[in-house]
Amino acid sequence: MSEIEIRDDRAAGRLEAIGGGEVVGRVEYFLLEAPERALVPVHTVVEPAHEGRGIAGSLARELYAVARREGVVVAPLCPYVVKWAERHPDQAPAAGPELLRAAKEWLAAHPERF
């Protein structure tokens, strides 16, 4: 994989993978406040020309690293992040059912966000 920089655009709710000066992939997320603070990834997108280079996995790994640094949980709704977490339980602690339910309810109440 060529050199990829990952940056967190918290205001936009995106973790972006930058390669060659352009955004080549992203995880779109929101910050849930209750029942506890959590990062909630909703979509993972990698530009077609950059697929198969491990970018999505790098984004998922960094999302969990951001959560660890901030002392929050990740409540994944994005199918890719869910599968990644299942394959990497040592890096991706599972979110509880109440938290996942709250994340789904927030998303349903804010359809314009994604």
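We now turn to the structure provided with this report. (Residues numbered from 1 in each chain as written. Predicted model: local features only at pLDDT ≥ 70, side-chain atom pairs only at ≥ 80, totals over all residues. Heavy atoms only, no water.)

With respect to topology, 5 strands assemble into an open sheet ordered β1-β2-β3-β4-β5, the strand pairing being mixed. On the outer flanks of this sheet lie β1 (5-9) and β5 (73-74), each paired with one strand and no other. Summarising the sheet, strand β2 (residues 14-19) and strand β3 (residues 22-32) pair through 6 bridges and their orientation is antiparallel. Opposite Leu-15, over in β3, you have Val-27 as the bridge partner. Its contacts with the sheet place helix α1 (residues 55-70) against β1, β2, β3, β4 (38-46) and β5, and it is angled at close to 165° to β4. (Pairing = 2+ DSSP bridges. Helix = DSSP H or I, 4+ residues; strand = E, 2+ residues; numbered from the N terminus. Contact = heavy atoms within 4.5 Å. Axes fitted to C-alpha atoms, helices over the stretch in contact; angles between N-to-C directions.)

Attention now moves to the packing of aromatic side chains. Inspection of every chain in the model, using the stated rule, returns 3 aromatic pairs. Between Phe-30 and Trp-106, the aromatic rings sit 3.8 Å apart at their centres with planes inclined by 20°, giving stacked as the arrangement. In this pair, Phe-30 is assigned in strand β3 and Trp-106 in helix α3 (residues 97-109), connecting sequence segments 76 residues apart. A relative accessible area of 22% places Trp-106 in the partly exposed class. Note on Tyr-64 and Trp-84: the rings are 5.7 Å apart at their centroids and 25° apart in plane angle, and the pair reads as stacked. Of the two residues, Tyr-64 is situated in helix α1 and Trp-84 in helix α2 (residues 79-87); the sequence distance between them amounts to 20 residues. Owing to a relative accessible area of 2%, Trp-84 belongs among the buried residues under this scheme. Each residue in the set Phe-30, Trp-106 and Phe-114 is aromatic and connected to the rest through ring pairs, giving one cluster. (Phe/Tyr/Trp six-rings, centres within 6.5 Å; stacked < 30°, edge-to-face > 60°. Buried < 20%, exposed > 50% of the residue type's maximum accessible area, 1.4 Å probe, protein only.)

Read these as spatial facts, not as claims about activity.
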